[in-house]
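Here is what each chain is made of, one letter per residue.
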Amino acid sequence: NFLNRIYKAGLKLVPTADYQKRLRLFESQTLRPKVQMLRDQFHIEGMYARHFESLVNARNSLAHGAGVVRNRDCNDGNELVISWRGVDPAIPATDGNYYDIAAPLPDGVELLKTWPTKWLAREKRWKIGERIRLTPLDLSEITFMAAHEAVDVCDALCEFALKHGIRLKQITVIRGGSDDS
């Protein structure tokens, strides 16, 4: 598990006599306590923890309830709610408006070659007894968010190491590229 490896790396940066005990305790925790322990002990905090907590509920429903929402999966009354950060598919154009990439453009208008990512809050809800359904776009946005979170968490671990005078080998990370290293 990713967070277990991050915690283990953090413990190696600041060795203690109770290393194995602390590692076993961390590995036995659920997501929320793990996030709190990383924040409290190593100042590592991702931006999307609340989203991942909601996704754990969906995972439990998918794995243990055959994808049908059970009462124990609900996190908002009698509903299972998941949330994530998605990317706005609209692209800015030379006329100042935003267009769908597949939509025809007015004469003389071109899509901009580069633009900042515009993040959108996404959410899906299911009542008890409903089957969880996610689209390929939903899944791609969730994995995109998770990949960005992983890089941010690794960056935070590196910052923690540097604050403790630990020198690290420099690497270059290209987000989302095929040349990631």
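Up top is the structure.
What counts as what
- Residues numbered from 1 in each chain as written.
- Predicted model: local features only at pLDDT ≥ 70, side-chain atom pairs only at ≥ 80, totals over all residues.
- Heavy atoms only, no water.
- Helix = DSSP H or I, 4+ residues; strand = E, 2+ residues; numbered from the N terminus.
- Salt bridge = Lys/Arg side-chain N within 4 Å of Asp/Glu carboxyl O.
- Buried < 20%, exposed > 50% of the residue type's maximum accessible area, 1.4 Å probe, protein only.
- Contact = heavy atoms within 4.5 Å.
- Phe/Tyr/Trp six-rings, centres within 6.5 Å; stacked < 30°, edge-to-face > 60°.
- Arc of directions from axis to C-beta.
- Core = buried A, V, L, I, M, F, W, Y, C linked by side-chain atoms within 4.5 Å.

Q: Explain unusual backbone geometry here, please?
A: One can expect most non-glycine residues to show negative phi and most peptide bonds to be in trans. The phi dihedral of A66 falls on the positive side, at around 55 degrees, and the residue is not glycine. Here A66 shows up in the loop between α4 (49-64) and β1 (79-87).

Q: I tried to follow the pattern of salt bridges on my own but got confused; where do I start?
A: Two side chains that carry opposite charge are able to pair once their charged atoms sit near each other. If you walk through the whole model with that rule in mind, you get 9 salt bridges. Its salt-bridge partner being K127, residue E79 comes within 3.2 Å of it at the nearest N-O pair. One end of the pair, E79, is in strand β1; the other, K127, is in strand β4 (residues 119-127), and 48 residues separate them in sequence. E79 sits in the buried class, given a relative accessible area of 15%.

Q: What am I meant to see in the environment of I132 here?
A: In this fold, I132 is placed in the loop between β4 and α5 (136-163). On the accessibility criterion, I132 (9% relative accessible area) is buried. For I132, the residues in contact, after removing those within four places along its chain, are A58, S61, L62, G67, V69, L80 and W126.

Q: Could you clarify how one ought to interpret the packing of aromatic side chains in this entry?
A: Two aromatic rings are characterised by how far apart their centres lie and by the angle between their planes. The tally for this structure, following the rule as stated, stands at 4 aromatic pairs. Arranged with centres 5.1 Å apart and planes meeting at 80 degrees, the rings of F42 and F160 form a pair that is edge-to-face. Of this pair, F42 sits in helix α3 (residues 31-42) while F160 sits in helix α5, placing them 118 residues apart in sequence. According to the relative accessible area criterion, F42 is buried, its value standing at 3%. In textbook terms, an aromatic cluster arises when at least three aromatic residues are bridged by ring pairs, as seen for Y7, F26, F42 and F160.

Q: Honestly, helix α2 (residues 19-27) in this entry has me stumped. Any pointers?
A: Side chains that are three or four residues apart share a direction in an α-helix, a result of its 3.6 residues per turn. Taken as a whole, α2 has its buried residues at Y19, L23 and F26. On an axial view of α2, the arc spanned by its buried residues comes to 65 degrees, and they lie on one face. Exposed residues lying more than 90 degrees from the buried face of α2 are K21 and R24. At its buried positions, α2 is contacted by α1 (2-13) and α3.

Q: What's the story with the nonpolar core in this structure? I'm lost.
A: Soluble globular proteins tend to pack their nonpolar side chains together in the buried interior. Counting residues in hydrophobic clusters, the biggest one holds 19 residues, and the most contacted among them are I6, Y7, L11, F26, L38, F42 and I44. Counting residues per element, the ones that place at least two in this core are α1, α2, α3 and α5. Beyond its immediate sequence surroundings of up to four residues, I6 is in contact with L38, I44, V153, C154 and L157. In terms of nonpolar packing, the next biggest core, distinct from the first, is built from 12 residues, Y48, A58, C74 and W84 among them.

That is the geometry; function is a separate question.
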